[in-house]
Amino acid sequence: MLYQKIYTARLCTISKVPPKAGLTAARQRGKKGGRPKALNSKQREIVVRLYNDQKNTVKEICEMMKISKPTLYSYLRQNNGKK
């Protein structure tokens, strides 16, 4: 019983270290985690311009650029933060 508690406690501390160390090492090598963006920066500028021109609907912009509405609104929010 005591051995099991010690083993479990040791296992918990060991299992927490490698992911953090691995992420730190990857960052040092210049790697970024996470999902890649759907559009590059030029395409994002086009999306914002199309939206601001108000000649196309949100649905049309999404279909043209092959993105979802939440993605479109995310790019618009990011653009508003830059100004």
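Each remark here, short or long, concerns the structure printed above.
Overview of the structure. (Residues numbered from 1 in each chain as written. Predicted model: local features only at pLDDT ≥ 70, side-chain atom pairs only at ≥ 80, totals over all residues. Heavy atoms only, no water.)

**Details of helix α3 (residues 58-65)**
Right, so step 1: Every buried residue of α3 is listed here: Val58, Ile61, Cys62 and Met65. The buried residues of α3 occupy an angular sector of 100° when projected down its axis, which confines them to one face. Along α3, the residues that are exposed and aim more than 90 degrees away from the buried face are Lys59 and Glu63.
Right, so step 2: Of the residues trailing α3, Lys66 is marked for its positive phi of about 60°. (Buried < 20%, exposed > 50% of the residue type's maximum accessible area, 1.4 Å probe, protein only. Helix = DSSP H or I, 4+ residues; strand = E, 2+ residues; numbered from the N terminus. Arc of directions from axis to C-beta.)

**Some points on helix α2 (residues 41-53)**
Right, so step 1: With 13 residues, α2 should reach 18 Å at 1.5 Å per residue; the first-to-last C-alpha distance of 18 Å fits that figure.
Right, so step 2: Its side-chain oxygen at 3.1 Å from the backbone nitrogen of Lys42, Asn40 defines the N-terminal cap of α2. (Expected span 1.5 Å × (residues − 1). Polar contact = N/O pair within 3.5 Å; in protein donor to acceptor, adjacent residues only side chain to side chain.)

**Observations concerning unusual backbone geometry**
Right, so step 1: Of note in this structure, Gln54 is not a glycine but carries a positive phi near 60°.
Right, so step 2: Residue position: Gln54 is located in the loop between α2 and α3.
Right, so step 3: The class for Gln54 is exposed, based on a relative accessible area of 70%.

**Structural notes on the nonpolar core**
Right, so step 1: By size, the foremost hydrophobic cluster in this structure holds 11 residues: Leu39, Val47, Val48, Val58, Ile61, Cys62, Met65, Ile67, Leu72, Tyr75 and Leu76.
Right, so step 2: Among the elements of the structure, α2, α3 and α4 (69-82) are those that each provide at least two residues to this core.
Right, so step 3: The biggest single contributor to this core is α3, with four residues.
Right, so step 4: Ignoring anything within four residues of it in the chain, the contact list for Leu72 reads Val47, Val58, Ile61, Cys62 and Ile67. (Core = buried A, V, L, I, M, F, W, Y, C linked by side-chain atoms within 4.5 Å. Contact = heavy atoms within 4.5 Å.)

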